[in-house]
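Residues per chain, in single letters:
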Amino acid sequence: MLRGLEKYYEDYCKSIRQEAEVLREGPMPVITEELFAAYENTGNRLIRVQPSGFQ
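Along each chain, numbering runs from 1 in the same order as the chain's sequence is written. The model is predicted, so local features are restricted to residues of pLDDT at least 70 and side-chain atom pairs to those at 80 or more, both for listing and for counting; the totals for chains, interfaces and linings are taken over all residues. Side-chain numbers here rest on the full set of heavy atoms in the structure, without hydrogens or water.

## With respect to the overall build of the chain
Note the following rule: Helix numbering and strand numbering both begin at the N terminus, where a helix is a DSSP run of H or I of at least 4 residues and a strand a DSSP run of E of at least 2. Note on areas: Shrake-Rupley, 1.4 Å probe, and residue coverage restricted to the protein chains presented here.
Helix and strand counts for the chain come out as 2 helices and 0 strands. Carbon and sulfur atoms make up 59% of the accessible area of the chain, which amounts to about 5,700 Å² in all.

Encoded structure:
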């Protein structure tokens with residue numbers, strides 16, 4: 001059982017590293033003045049810029 005958990009953990013960490021590599025290659029989203037103001041006023045970091053083509 002312990003080996004199964006270790007394997008799960010290793011696979012999970014590997015998937016996170018792979019996703020980080022994908023995201024690292026992409027452009028950083030540009031923050032608009034409107035979104036920055038919303039964050040500055042509310043402290044809400046969950047407000048996100050939607051990628052192009054997403055609604």
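Read on for the rest.
## A short note on the pattern of salt bridges
Note the following rule: Each salt bridge in this description consists of a side-chain nitrogen of Lys or Arg and a carboxyl oxygen of Asp or Glu lying within 4 Å of one another. Here's how the labels work: a residue is buried when its accessible area is under 20% of the maximum for its type, exposed when over 50%, partly exposed in between, all with a 1.4 Å probe on protein chains only.
According to the stated counting rule, one finds 4 salt bridges in the structure shown. In this structure, the salt-bridge partner of R3 is E6, at a minimum N-O distance of 3.5 Å. Of this pair, R3 and E6 both sit in helix α1 (residues 2-25), 3 residues apart, roughly one helical turn. Residue classification places E6 among the partly exposed residues on the basis of a relative accessible area of 36%.

## Some words on the packing of aromatic side chains
As a reminder of what qualifies: Aromatic rings from Phe, Tyr and Trp, with only the six-membered ring used for Trp, were paired whenever their centres fell within 6.5 Å, and each pair was classed as stacked if the ring planes differed by under 30 degrees, edge-to-face if by over 60, and tilted otherwise.
Summed over all chains, the structure comprises 1 aromatic pair. Between the aromatic rings of Y8 and Y12, the centroid separation amounts to 6.2 Å while the plane-to-plane angle is 10°, which identifies the pairing as stacked. Taken together, the positions of Y8 and Y12, both in helix α1 and 4 residues apart, correspond to about one turn of that helix. Judged by its relative accessible area of 58%, Y8 is exposed.

## Considerations on a nonpolar patch on the surface
Where we set the bar: A patch consists of residues exposed above 30% relative accessible area that lack any salt bridge, with like charges linked at up to 9 Å and nonpolar side chains (Val, Leu, Ile, Met, Phe, Trp, Tyr) linked at up to 5 Å.
Where nonpolar side chains cluster on the molecular surface, the patch consists of M1, L2 and L5 and spans about 410 Å² of accessible area. Mapped onto the fold, M1 is located in the segment before α1.

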